[in-house]
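Chain by chain, the residues:
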Amino acid sequence: MASISLIGFMGSGKSSVGKELSKLLPGMEFIDLDSYIEAMTGKSIPEIFEKQGEAAFRAMELEALENIFLTNELTGEDCILSLGGGTVTTEACRRMIRRNTTCFYLKASVDTLVHNLETWPGDRPMLKGGKPLRARVEELMAVRGPIYAKTAHHIIDVDSNDYTAAATEILGNLALGFSV
Ligand code: S3P
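The text that follows walks through the structure, step by step, so that each part is easy to find. (Residues numbered from 1 in each chain as written. Predicted model: local features only at pLDDT ≥ 70, side-chain atom pairs only at ≥ 80, totals over all residues. Heavy atoms only, no water.)

### Observations regarding the pattern of salt bridges
Working step 1: Across all of its chains, the model carries 9 salt bridges by this definition.
Working step 2: One salt bridge in this structure joins Lys-51 and Glu-47, with 3.2 Å as the shortest N-O distance. A residue pair is termed a helical-turn pair when its members lie 3 or 4 positions apart in one helix, as Lys-51 and Glu-47 do in helix H3 (residues 45-52) at 4 residues.
Working step 3: Among the residues examined, Glu-47 registers a relative accessible area of 28% and is labelled partly exposed.
Working step 4: Put simply, Glu-54, Arg-58 and Glu-61 are held in one network by salt bridges that share partners. (Salt bridge = Lys/Arg side-chain N within 4 Å of Asp/Glu carboxyl O. Helix = DSSP H or I, 4+ residues; strand = E, 2+ residues; numbered from the N terminus. Buried < 20%, exposed > 50% of the residue type's maximum accessible area, 1.4 Å probe, protein only.)

So this is what it looks like as structure tokens:
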């Protein structure tokens, strides 16, 4: 099996679905890209944004993906990779993800995203700046929605799916892929 990647907007449930998926696929290591970058740099994501800016963070995402896929190649092991909401805005990241993983877009409506981000706000530098949350989500999704859709091999609707159902649907897509 190839590695699996999960993409989608902040609050779409990438990490939660990834953890559910790793319960169903216990042989595969689960990697959350943000946590990987925090371990790699010894800094938190908000700290990186604050001290070094977004462009530096995007370069770190690329470097982290290069490390992960190189390690996978050396060990021959695949992983379940939960990406950051903006990782695929970098073209080189997009290419690497499509080449090295079966990529799933967790597609959520603006209503679902706003609801999730209000319920679990977290510390998200891309949502700071004073704009109302819904307006900011709409603004970013207008740019990112088409990018998520063109990067992914499969789209999973998470508006009406809980995390377990989404993980099960991903497994179903993988099984279909094998039989073709
Ligand atoms: C970002 C999403 C975050 C994190 C960083 C930037 C973005 O990850 O990578 O704050 O640009 O959408 P999550 O999608 O896991 O919140």
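Let us keep going from here.
### Some points on the site of the ligand
Working step 1: The ligand sits among 14 residues. The nearest are Lys-14, Asp-34, Arg-58, Gly-85 and Arg-144.
Working step 2: Contacts to the ligand include Gly-86, whose backbone N or O atom sits 3.3 Å from an oxygen atom.
Working step 3: Taking Arg-144, its side chain carries an N or O atom lying 2.6 Å from an oxygen atom of the ligand.
Working step 4: Surface burial for the ligand is 92%, taken as the share of its 390 Å² of free accessible area covered by protein chains. (Near = heavy atom within 4 Å. Polar contact = N/O pair within 3.5 Å; in protein donor to acceptor, adjacent residues only side chain to side chain. Areas by Shrake-Rupley, 256 points an atom, 1.4 Å probe, with all protein chains shown as cover.)

### Describing the packing of helix H4 (residues 54-75) against helix H5 (residues 91-100)
Working step 1: At their nearest, the axes of H4 and H5 sit 10 Å apart, and the two run at 20° to each other. As far as their axial angle goes, H5 and H4 are roughly parallel. When the axes of H4 and H5 are compared, the crossing they make is left-handed. Contact with H4, carried on its side by Glu-61, Leu-62, Leu-65, Glu-66 and Phe-69, involves Ala-92, Cys-93, Met-96, Ile-97 and Asn-100 of H5 and no other residues of that element. (Axes fitted to C-alpha atoms, helices over the stretch in contact; angles between N-to-C directions. Parallel < 35°, antiparallel > 145°, perpendicular 65-115°, else oblique. Left-handed = near helix turned anticlockwise from the far one by under 90°. Contact = heavy atoms within 4.5 Å.)

### Some words on the sheet that holds strand E3 (residues 79-82)
Working step 1: Pairing is parallel across the open sheet formed by 5 strands, whose spatial order is E2-E3-E1-E4-E5. In the strand order of this sheet, the two ends are held by strand E2 (29-32) and strand E5 (154-157), each with one partner. Averaged over all pairs of adjacent strands, the angle between strand axes in this sheet comes to 20°, irrespective of strand direction. (Pairing = 2+ DSSP bridges.)

The values reported here are purely geometric and, on their own, carry no functional implication.
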